[in-house]
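Fold and contact review
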Amino acid sequence: MIDPFTYWSRVLDSWRVMGSTGAMMARTLAASQDVIAVRTGMMRAAAHSPLDANYAELSRMVPEKVAAFSAAGDAVMAAWWKAQADGMAQMSKAMSGPFRAPSPFSVAEYWGDVALAMLRGAESGVRLGRDAIGPIHRTATANARRLGNRRGAS
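Bear in mind the structure is a predicted one, so any value in this text is a computation, not a measurement.

Cut-offs and rules
Residues numbered from 1 in each chain as written. Predicted model: local features only at pLDDT ≥ 70, side-chain atom pairs only at ≥ 80, totals over all residues. Heavy atoms only, no water. Salt bridge = Lys/Arg side-chain N within 4 Å of Asp/Glu carboxyl O. Helix = DSSP H or I, 4+ residues; strand = E, 2+ residues; numbered from the N terminus. Buried < 20%, exposed > 50% of the residue type's maximum accessible area, 1.4 Å probe, protein only. pLDDT = per-residue confidence, 0-100. Expected span 1.5 Å × (residues − 1). Bend = angle between axes of the 7 residues up to and from the residue. Axes fitted to C-alpha atoms, helices over the stretch in contact; angles between N-to-C directions. Parallel < 35°, antiparallel > 145°, perpendicular 65-115°, else oblique. Left-handed = near helix turned anticlockwise from the far one by under 90°. Nonpolar A, V, L, I, M, F, W, Y, C, P; charged D, E, K, R; others polar.

Points about the pattern of salt bridges
Side-chain pairs of opposite charge can arise where the charged atoms are in close proximity. All told, the structure shown has eight salt bridges when counted by the stated rule. The partner of arginine 39 in a salt bridge is glutamate 64, with the nearest N and O atoms 2.6 Å apart. With arginine 39 in helix α1 (residues 4-48) and glutamate 64 in helix α3 (residues 61-96), this pair connects stretches of sequence that are 25 residues apart. Since its relative accessible area comes to 3%, arginine 39 is described here as buried. One salt bridge connects glutamate 57 with arginine 146, and the closest N-O pair in it is separated by 2.4 Å. You can see glutamate 57 sitting in helix α2 (residues 55-58) and its partner arginine 146 sitting in helix α4 (residues 104-147), a full 89 residues away along the chain. Exposure remark for arginine 146: the relative accessible area of 26% places this residue in the partly exposed category. Salt bridges sharing partners connect three or more residues here, namely Arg39, Glu57, Arg60, Glu64 and Arg146.

Given below as structure tokens:
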């Protein structure tokens, strides 16, 4: 059974992680916009002058997306498997409840377990969002930093 102070501190921490994930999404979108602008200029320049094109940079576009989205997919699947295991454990515990003689303590323990299972579900959902966007965020912001010096040149 979890005490109310720990419970609510975990709820507040989940909200904090959700807020930071939202900020990470905003930074990812801004970085992606910058990268698209620079690379579009590079593609335009390559179309006008193929011999002077930056093929090293242009050849990074597809492999880096595959790597980032694969890592994001791995994070989603790991969280999904954990959620399934947690759900099955909770279901097993919930199904054993009706076969016991009820007492005030067992009823309180049961509903405490239900509240804790719901909290774990919320926490895993919040972590899922953070972990899924993480690889994409790292790739987009690294590209924006790397290409930032070239913005004036294109």
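Overview of the confidence of the model for the protein
With 93% of its residues at a pLDDT of 70 or more, the protein shows a mean pLDDT of 87. For the protein, per-element mean pLDDT is lowest for α3, which scores 87, and highest for α1, which scores 94.

Observations regarding α4
Taking 1.5 Å of rise per residue, 44 residues should cover 64 Å, and α4 covers 64 Å from first to last C-alpha, within 8% of that figure. If you look at α4, its biggest bend is around 35 degrees, right at glycine 134, and the proline proline 135 turns up within four residues after that.

Some thoughts on the packing of α1 against α4
α4 packs onto α1 with a crossing angle of 25 degrees between their chain directions and a minimal axis gap of 7 Å. Taken as axis vectors, α1 and α4 run roughly parallel relative to one another. Between α1 and α4 lies a crossing whose hand is left-handed. Split into classes, the residues belonging to the contact of α1 with α4 amount to 19 nonpolar, nine polar and seven charged.

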